[in-house]
Amino acid sequence: MSFLIDNWLPAVMALVSGSLLLWPVISRGAAGAQGVTPAEAVRLINREKAVVVDVCEAAEYAAGHVPGARHIPLGQLDGARGLPTNKALPVVVVCASGARAARAAAQLRKAGHEKAVPLAGGLRAWREANLPVEGGAAG
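Described below are features of the structure shown in this document.

## Examining the overall build of the protein chain
- The number of helices and strands found in the protein chain is seven helices and four strands.
- Taken from N to C terminus, the helices and strands of the protein chain fall in the order α-α-α-α-β-α-β-β-α-β-α.
- Counting the 139 residues in the protein chain, one finds 36% classified as buried.
- When contacts within the protein chain are restricted to residue pairs at least 6 apart in sequence, long-range pairs at least 24 apart make up 65% of them.

In structure tokens:
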């Protein structure tokens, strides 16, 4: 015990540095709440066959959406037929800004879609990353 008292500063520094090293691992576990970047979403789509679900309202969806996205408005998400039956597939949830997508992803995870994640920043971030958009104005 006297060792810790005599060397309290290095002990605190070790504790703080260890915490900082573990933080990315802990926060990665909460990725469902934070969402994935457009680049991570593209990787999920291309490599893991992720399904993109757009939870915007009809007018927003018509104005532009991620190519190949399935349109299921947030209010109709419970028991929707457009969801993948294979609940092990990743699901990238998109809305205009990312707020509704985060709620929808949490709802999907509760329904058994363990790999449901929102697109951080929504369609706005997708467009800012210069990724393709279907429907509406592409700019």
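## Overview of the nonpolar core
- Counting residues in hydrophobic clusters, the biggest one holds 17 residues, and the most contacted among them are V53, V55, L77, L83, V93 and L108.
- Looking at this core element by element, the count peaks at four residues for helix α6 (residues 99–110).
- Look past the residues within four positions of L83 in its chain and what remains in contact with it is V53, R70, I72, L77, L108 and H113.
- By size, the runner-up hydrophobic cluster in this structure holds 15 residues, among which are A41, Y61, V117 and V133.

## Describing the sheet that holds strand β2 (residues 70–71)
- Judged by pairing direction, the sheet is parallel, and its four strands sit side by side in the order β2-β1-β3-β4 without closing on themselves. The open sheet terminates on both sides in strands that have one partner only, identified here as β2 and β4 (116–118).
- Judged from the two bridges that link them, strand β1 (residues 51–54) and β2 form a sheet pairing that is parallel. Paired with V53 across the strands is R70, a residue of β2.
- Along the sheet, α6 contacts β3 (91–94) and β4; its crossing angle with β4, the most-contacted strand, is approximately 170°.

What counts and what doesn't
- Residues numbered from 1 in each chain as written.
- Predicted model: local features only at pLDDT ≥ 70, side-chain atom pairs only at ≥ 80, totals over all residues.
- Heavy atoms only, no water.
- Helix = DSSP H or I, 4+ residues; strand = E, 2+ residues; numbered from the N terminus.
- Buried < 20%, exposed > 50% of the residue type's maximum accessible area, 1.4 Å probe, protein only.
- Contact = heavy atoms within 4.5 Å.
- Core = buried A, V, L, I, M, F, W, Y, C linked by side-chain atoms within 4.5 Å.
- Pairing = 2+ DSSP bridges.
- Axes fitted to C-alpha atoms, helices over the stretch in contact; angles between N-to-C directions.

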